[in-house]
Amino acid sequence: MSVSIPAGRINKLFGTDGGVMLSLYADFPADFDTDTPLLVTIDALEVPLWCEHFERRGASGAVAAFADFDTERRAQELLGLEFRIRYDEEDDDEFYMEDLIGFAVTGFEMRHGSTENGGNGGNDDGNNANNDNSNSGDNNDDANGGDGTPPAGQFAGRVADYYDSEANPLFELEIGGRRVLVPAAEEFIAHIDFEGRTMKMILPEGLIDL
């Protein structure tokens with residue numbers, strides 16, 4: 001997102017060819033270059049001032065000359081105006097996959113037709129059914145998840161490494177003393193807790209057994 005911040009003020013004329021003296025605020029960028037316009041408001045309109053000349057004078061001052069304001073009379077119109085600089089604000093939600101190295105990871109494998117809660121619920125129904133009548137065929141179906149689908153497999157470990165690739169980026173997960181590679185895709189990431197350094201994943205069946 002692009003935002004503009006107050007960066008200084010145009011104080012007085014300097015010379016007779018449109019030069020002006022500037023006071024620079026603390027937020028004025030140390031690496032400023034003349035490809036970046038200074039923004040002022042004239043008659044309720046935002047006007048970009050392109051520097052044809054810019055020279056720092058100490059830590060909080062500068063001398064500048066602007067295109068289209070190249071006479072003393074034109075430069076007089078700018079005196080007293082505060083100017084701003086636009087910059088791109090970083091997105092706080094943006095992260096890189098390699099930032100997740102070292103995170104604890106938990107999750108489950110989504111077996112065909114199952115959900116995380118559905119799989120566990122199937123076990124509960126199956127246990128109750130077996131307690132009522134262990135010889136009932138219908139109850140045996142409930143024990144397998146109600147629809148014949150086994151519960152999803154749980155796993156826990158940590159992100160040991162990340163392999164960047166345009167075609168197939170991968171996480172290396174350390175699970176139960178062994179290391180497995182899984183796709184580093186946002187569609188498989190259910191939740192990330194950056195403060196707690198934990199991640200929850202939902203993976204297709206069989207990935208962690210490859």
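- The protein appears in an unreviewed UniProt entry as Ribosome maturation factor RimM from Alistipes finegoldii.
- In the Subunit (unreviewed entry) part of its UniProt record, the protein is described as follows: "Binds ribosomal protein uS19."
- Under the Function (unreviewed entry) heading, UniProt states for the protein: "An accessory protein needed during the final step in the assembly of 30S ribosomal subunit, possibly for assembly of the head region. Essential for efficient processing of 16S rRNA. May be needed both before and after RbfA during the maturation of 16S rRNA. It has affinity for free ribosomal 30S subunits but not for 70S ribosomes."

Examining the packing of aromatic side chains
Piece 1. A complete count under the given rule lists six aromatic pairs for this structure.
Piece 2. On the basis of an interplanar angle of 55° and a centroid distance of 5.8 Å, the ring pair of Tyr162 and Phe171 is categorised as tilted.
Piece 3. Members of the aromatic cluster, joined through ring pairs, are Phe28, Phe32, Phe54 and Phe83.

Thoughts on the confidence of the model for the protein
Piece 1. Summing up the model confidence of the protein, the mean pLDDT is 80 and the portion of residues at 70 or higher is 75%.
Piece 2. Of all helices and strands in the protein, the one with the weakest mean pLDDT is helix α3 (residues 137-143) (42), whereas strand β2 (residues 20-24) scores best (97).
Piece 3. Note on residues 114-152: pLDDT under 50 across the span, and 36 contacts to partners over four residues away in sequence or across chains.

Let's talk about the nonpolar core
Grouped burial of nonpolar side chains is what soluble globular proteins tend to show.
Piece 1. In terms of nonpolar packing, the biggest core is built from 22 residues, with Phe171, Leu173, Met199 and Met201 touching the most fellow members.
Piece 2. Of all elements in the fold, only β9 (153-163), β10 (170-175), β11 (178-183), β12 (189-193) and β13 (198-204) reach the threshold of two or more residues within this core.
Piece 3. Excluding residues that lie within four positions of it along the chain, Leu173 makes contacts with Val105, Phe155, Arg158, Val159, Ala160, Arg178, Arg179, Val180, Val182 and Met201.
Piece 4. Formed by 20 residues, the second largest nonpolar core is a distinct cluster that contains Leu22, Leu24, Ala64 and Phe66.

Overview of a negative patch on the surface
Piece 1. A contiguous patch of negative charge, built from Asp17, Glu52, Asp68 and Asp70, is present on the exposed surface.
Piece 2. As for its position among the elements, Asp17 is in the loop between β1 (2-13) and β2.

Let's talk about the pattern of salt bridges
Piece 1. As enumerated under the stated definition, the model contains eight salt bridges in all.
Piece 2. With a shortest N-O distance of 3.8 Å, Glu82 and Arg9 are connected by a salt bridge. In this pair, Glu82 is assigned in strand β7 (residues 82-88) and Arg9 in strand β1, connecting sequence segments 73 residues apart.
Piece 3. Residues joined in a network through salt bridges with shared partners are Arg158, Glu172, Glu174 and Arg179.

Let's talk about unusual backbone geometry
Piece 1. Backbone geometry places Asp43, a non-glycine residue, at a positive phi of 55°.
Piece 2. Tracing the backbone shows Asp43 in the loop between β3 (38-42) and β4 (45-49).
Piece 3. With a phi close to 70°, Ala44 is a non-glycine residue in the positive phi region.
Piece 4. With respect to the helices and strands, the residue Ala44 is situated in the loop between β3 and β4.
Piece 5. For Ala44, a relative accessible area of 73% corresponds to the exposed category.

Description of the side chain of Arg84
Piece 1. Within the secondary structure, Arg84 is located in strand β7.
Piece 2. Residue class for Arg84 comes out buried when judged on its relative accessible area of 16%.
Piece 3. Of note is the side chain of Arg84, whose polar atom sits 3.3 Å from the side chain of Thr41.
Piece 4. Polar contacts involving the side chain of Arg84 include one to the side chain of Glu46, which spans 3.3 Å.
Piece 5. In this structure Arg84 touches Ser4, Ile5, Pro6, Ala7, Pro37, Leu38, Leu39, Val40, Thr41 and Glu46, once residues within four positions along its chain are discounted.

What counts, and where the lines are drawn
Residues numbered from 1 in each chain as written. Predicted model: local features only at pLDDT ≥ 70, side-chain atom pairs only at ≥ 80, totals over all residues. Heavy atoms only, no water. UniProt positions renumbered as here; feature names shortened; annotations may be inferred. Phe/Tyr/Trp six-rings, centres within 6.5 Å; stacked < 30°, edge-to-face > 60°. pLDDT = per-residue confidence, 0-100. Helix = DSSP H or I, 4+ residues; strand = E, 2+ residues; numbered from the N terminus. Contact = heavy atoms within 4.5 Å. Core = buried A, V, L, I, M, F, W, Y, C linked by side-chain atoms within 4.5 Å. Buried < 20%, exposed > 50% of the residue type's maximum accessible area, 1.4 Å probe, protein only. Patch = residues over 30% accessible without salt bridge, like charges linked within 9 Å, V, L, I, M, F, W, Y side chains within 5 Å. Areas by Shrake-Rupley, 256 points an atom, 1.4 Å probe, with all protein chains shown as cover. Salt bridge = Lys/Arg side-chain N within 4 Å of Asp/Glu carboxyl O. Lys, Arg positive; Asp, Glu negative; His and termini not counted. Charge placed at Lys NZ, Arg CZ, Asp CG, Glu CD. Polar contact = N/O pair within 3.5 Å; in protein donor to acceptor, adjacent residues only side chain to side chain.

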